[in-house]
Amino acid sequence: MKHVWLGGLEVSQLGLGCMGMSAYYSGAGSDDAESIRTIQRALELGVTFLDTAEIYGPYRNEELVGRAIAGRRDEVVLATKFGQISHRGGNNRPTTDVESIRKLDSSPENIRMAVDGSLQRLGVDHIDLYYQHRVDPGTPIEDTVGALAELVKAGKVRYLGLSEASPDTIRRAHAVHPIAALQTEYSLWTRDPEAEILPLTRELGIGFVPYLPLGRGFLTGTITSRTDLDPSDFRSANPRFAEENFGRNLRIVDEVEAVAAEIGASSAQVALAWLLAQGEGIAPIPGTKSVTRLEENLGSAGLTLSEAQLARLSAIEAPAGDRYADMSSIDR
């Protein structure tokens, strides 16, 4: 497994997104034992970069990751996130009702409470990469990053990250304290960062962490009909999976599958290999709760696409529909 640098932080070229083990997808939380096996198998195969957040569950995913890495802390670059839960109303207890506690809050007071909760649930004394999960319009980014810088001085956090932040917010944040990584959706399913975000992160020396690099599973080719999604799966209400967009978006998968057939790889491996070919300082975090899927995804690290194949994939048309049903929390 190759390693890349996110700011000054060294991580495996491919990480593991742990969200789907505990939240949002059908079957999430149904087999914690398999999820733990998947995390531990990832470590055995050279993955060092694990991604979680307090909102996943809520709270349950951090606890799960904590159990999985117990006794193996030195093998892990651990990333978690704050900012989508306000703890100032006493919201620090386990709950399955996400909407009852969801509130953008990146105030210094909330950050201090959030980090202590994450450290306890993860069973660690420091977090390697601490992201603001979503930009809080009610708190100046300078105040947020100033509070995070205090956590770095205190030894609770090593490096700082942002998620779904606009160019202006990134520049303002980076002026207060170095930002090591920006996490934003990026894949053949979502090319938005190429216009402004990727050039800016490279200018500032900030690493880039694509989340949902397989397009919420769409790019794997395993979702061929809306009936493949359980009604409880949040994708069933996602605009890109809506009936009026689904058929058009399947054409993206057709192109990925065609390249996969040429080289004897899976669609997921081709989609990830394309992403890894997009330049230095990129560390995708494909998520899975299955050892088999994990091993398949990691096979992309040894896959080389030809210039013609890369160009063919890059020419794929943009998907129909917004990334989220409600885009209001995205800092643009």
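Residue positions within a chain follow its written sequence, with the count starting from 1. Local features in this predicted model are restricted to residues of pLDDT 70 or higher, and side-chain atom pairs are both shown and tallied only at a pLDDT of 80 or more, whereas totals for entire chains, interfaces and linings draw on every residue. Processing note: side-chain calculations cover all non-hydrogen atoms of the structure and skip hydrogens and water entirely.

Going by an unreviewed UniProt entry, the chain carries the name Aldo/keto reductase and comes from Rugosimonospora africana.

Observations concerning the packing of helix α5 (residues 141–154) against helix α6 (residues 167–176)
The axes are straight lines fitted to the C-alpha atoms, using for helices just the contacting stretch, and the angles between their N-to-C directions are given from 0 to 180°. Helix and strand assignments come from DSSP, with helices taken as H or I runs of at least 4 residues and strands as E runs of at least 2, each series counted from the N terminus. Interhelical geometry of α5 versus α6 gives an angle of 40 degrees and a closest axis separation of 9 Å. Judged on the interaxial angle alone, α6 and α5 are oblique. As for how α5 packs across α6, the hand of that crossing is right-handed. Across the interface between the two elements, I141, E142, V145 and G146 from α5 touch T169, R172, A173 and V176 from α6. Each residue belonging to the contact of α5 with α6 can be placed in one class, and the counts come to 4 nonpolar, 2 polar and 2 charged. Angle categories are assigned with fixed cut-offs, so that under 35 degrees is roughly parallel, over 145 is roughly antiparallel, 65 to 115 is roughly perpendicular, and the rest are oblique. Left-handed is the label given to a crossing in which the near helix is rotated counterclockwise from the far helix by less than a right angle, and right-handed is the label when the rotation is clockwise. Note on contacts: a residue pair is in contact if any heavy atoms of the two residues lie within 4.5 Å. Gly is placed with the polar residues, together with every amino acid not listed as nonpolar (Ala, Val, Leu, Ile, Met, Phe, Trp, Tyr, Cys and Pro) or charged (Asp, Glu, Lys and Arg).

Concerning the sheet that holds strand β9 (residues 207–211)
The pairing of strands in a sheet comes from backbone hydrogen bonds and takes either a parallel or an antiparallel form. When DSSP finds two or more bridges between two strands, those strands count as paired. Taken together, the 7 strands give an open sheet; going across it, the order is β3-β4-β5-β6-β7-β8-β9, and neighbouring strands pair in parallel fashion. Edge positions in the open sheet fall to β3 (16–17) and β9, since each of these has one partner strand only. Each of β5 (77–82), β6 (127–132) and β7 (157–163) is contacted by helix α4 (residues 108–122), which is oriented at about 135 degrees to β6, the strand it contacts most.

Some thoughts on the pattern of salt bridges
Salt-bridge detection follows one rule: a side-chain nitrogen of Lys or Arg within 4 Å of a carboxyl oxygen of Asp or Glu. The final tally for this structure, using the stated rule, is 27 salt bridges. Salt-bridge contacts for R121 lead to E62; the nearest nitrogen and oxygen are separated by 2.7 Å. With R121 in helix α4 and E62 in helix α2 (residues 60–68), this pair connects stretches of sequence that are 59 residues apart. Exposure is judged per residue with a 1.4 Å probe applied to protein chains only, and the accessible area is read against the type maximum: over 50% gives exposed, under 20% gives buried, and values in between give partly exposed. We classify R121 as buried; its relative accessible area is 15%. Ionic pairing is found between K156 and D116, a salt bridge with its closest N-O pair at 2.8 Å. Here K156 is found in the loop between α5 and β7, whereas its partner D116 is found in helix α4, with 40 residues between them in sequence. Exposure remark for K156: the relative accessible area of 28% places this residue in the partly exposed category.

Notes on the nonpolar core
The tendency in soluble globular proteins is for nonpolar side chains to be buried as a group. Only buried residues count toward a nonpolar core, which is a set of Ala, Val, Leu, Ile, Met, Phe, Trp, Tyr and Cys residues joined through side-chain atoms within 4.5 Å. Ranked by internal contacts, the top residues of the largest apolar core, which has 75 residues, are L16, I39, Y130 and L313. Among the elements that line this core, the one with the most residues is helix α9 (residues 267–276), at 8 residues. Once you skip the residues sitting within four places of it in the chain, Y130 turns out to touch T80, K81, F82, I111, A114, V115, L148, L151, V157, Y159, L160 and G161. Listed in part, the 29 residues of the second largest apolar core include Y25, Y59, I285 and M327.

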